[in-house]
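# Examination of the molecular architecture
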Amino acid sequence: MTVRVLLADDEELIRTGLRVIIDAEPDLEVVGEAGDGVDALEMVRRLKPDVVLMDVRMPTVDGLEATERIVSTVSEPPKILVVTTFDNDEYVYQALRAGADGFLLKRARPERLLEAIRVVVRGDSLLFPAAIRDLATRHRGRPSALSRAGLTEREEQVLRLMATGKTNAEIAGELYVSAETVKTHVGNVLAKLRVRDRTQAVIAAYESGFV
């Protein structure tokens, strides 16, 4: 299956470079380019991409607001990778809380970009776990659904391992269970926390002080 990618960045040169890198891969395809958040939302609805590379700072509607609109109004929203210049950008944190699945630094090497796209499509891992931890712990003490979630002891173990960025297979090896069992536990954690992906679950864990 070819992964369909939408580029949202106000700099045409950046979009052109990303397109060249992505379209060179047999399993990836750029299906559209947006110059701001308004166009990004319209193209998501029309083109139904699997992944959006979303620049944080854009005119008219920035990446943060565009992410919020996509996640809240599109019935089956794509995975969203926020693209930023700095790994400690407060906008990144806000975008992750708004529903973005991960973030990518503009200085990242091409192979890291391609890996990030494939990782978020699989939904099996967490990008830059240390950076997400640092962003989230600055907001420790924030109200969280985790205290009311009623996670089992095993689900708590899985969440702690998710927070380190481990894949389902790695968690399975650590807990001596099957990857399918881990997948079930992860699904239960997301459902109980009422979040859409691993990133949101991990942010809740760090904010609440659970991890």
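Going by the structure above, here's the rest.
As the structure is a computational prediction, the values presented were derived from the model and not from experiment. (Residues numbered from 1 in each chain as written. Predicted model: local features only at pLDDT ≥ 70, side-chain atom pairs only at ≥ 80, totals over all residues. Heavy atoms only, no water.)

Let's shift gears to the side chain of E155. Structurally, the position occupied by E155 is in helix α7 (residues 153–163). Those residues in contact with E155 that lie beyond four places of it in its chain are G150, H185, N188, V189 and K192. (Helix = DSSP H or I, 4+ residues; strand = E, 2+ residues; numbered from the N terminus. Contact = heavy atoms within 4.5 Å.)

Bringing the pairing of strand β4 (residues 79–84) into the picture now. Of all the six residues making up β4, five are buried; the element is thus mostly covered by neighbouring parts of the structure. Once the chain exits strand β3 (residues 51–55) it traverses helix α3 (residues 63–73) before rejoining the sheet at β4, and the crossover so formed is right-handed. Bridging between β4 and strand β5 (residues 102–105) involves four bridges; their strand directions are parallel. Its bridge partner lying in β5, V83 is registered against L104. (Buried < 20%, exposed > 50% of the residue type's maximum accessible area, 1.4 Å probe, protein only. Right-handed = clockwise from strand over helix to strand, strands pointing away. Pairing = 2+ DSSP bridges.)

It is at 8 Å that the axes of helix α6 (residues 129–137) and helix α10 (residues 198–208) come closest, and there the two elements cross at 45°. Overall, the two elements α6 and α10 adopt an arrangement that is oblique. The two elements α6 and α10 meet at a crossing, and its hand is right-handed. Between α6, through I132, R133, A136 and T137, and α10, the contact on the second element is made entirely by T199, I203, Y206 and E207. Residue composition of the contact of α6 with α10, by class: four nonpolar, two polar and two charged. (Axes fitted to C-alpha atoms, helices over the stretch in contact; angles between N-to-C directions. Parallel < 35°, antiparallel > 145°, perpendicular 65-115°, else oblique. Left-handed = near helix turned anticlockwise from the far one by under 90°. Nonpolar A, V, L, I, M, F, W, Y, C, P; charged D, E, K, R; others polar.)

Another point: the nonpolar core. Residues M54, L96, F103, L159 and M162 are the most contacted members of the largest nonpolar core, which totals 55 residues. Not counting chain neighbours up to four residues away, the residues in contact with M54 comprise A8, A40, G63, A66, T67, I70, I80, L81, V82 and V83. Counting residues in each nonpolar core, the second largest holds 19 residues, with V5, L81, A116 and L127 among its members. (Core = buried A, V, L, I, M, F, W, Y, C linked by side-chain atoms within 4.5 Å.)

Next up on the list: the sheet that holds strand β2 (residues 28–34). Ordered by their spatial adjacency, five strands build an open sheet running β2-β1-β3-β4-β5, and the pairing between neighbours is parallel. Sheet topology places β2 and β5 at the edges, where each strand pairs with a single neighbour. If you compare each strand with its neighbour and ignore which way they point, the axes differ by 25° on average. The strands touched by α3 are β3 and β4; relative to β3, the strand with the most contacts, the crossing angle is about 150°.

The next subject is α3. For the α-helix, the turn length of 3.6 residues means that residues three or four positions removed from each other point alike. Within α3, the full set of buried residues consists of G63, L64, A66, T67 and I70. Down the axis of α3, the buried side of the element spans an arc of 165°, and every buried residue falls inside it. Structurally, α3 contributes buried residues whose contacts are with α2 (37–47), β3, β4 and α4 (90–98). The residue sitting at the N-terminus of α3 and contributing the capping side-chain oxygen is D62; that oxygen lies 3.2 Å from the backbone nitrogen of L64. (Arc of directions from axis to C-beta. Polar contact = N/O pair within 3.5 Å; in protein donor to acceptor, adjacent residues only side chain to side chain.)

Moving on, we come to the pattern of salt bridges. Under the defined criterion, the tally for this structure stands at 18 salt bridges. R15 is the salt-bridge partner of E33, the closest N and O atoms lying 2.9 Å from each other. Taken together, the residues E33 in strand β2 and R15 in helix α1 (residues 12–23) connect sequence positions 18 residues apart. Using a relative accessible area of 13% as the deciding quantity, one classes R15 as buried. Close ionic contact of R19 with D23 constitutes a salt bridge, the shortest N to O distance being 3.5 Å. On the criterion of helical spacing, the pair formed by R19 and D23 is a turn pair, its members being four residues apart in helix α1. A residue is classified by how much of its surface remains accessible, and R19, at 28% relative accessible area, is partly exposed. The structure contains a network of salt bridges with shared partners spanning R15, R19, D23 and E33. (Salt bridge = Lys/Arg side-chain N within 4 Å of Asp/Glu carboxyl O.)

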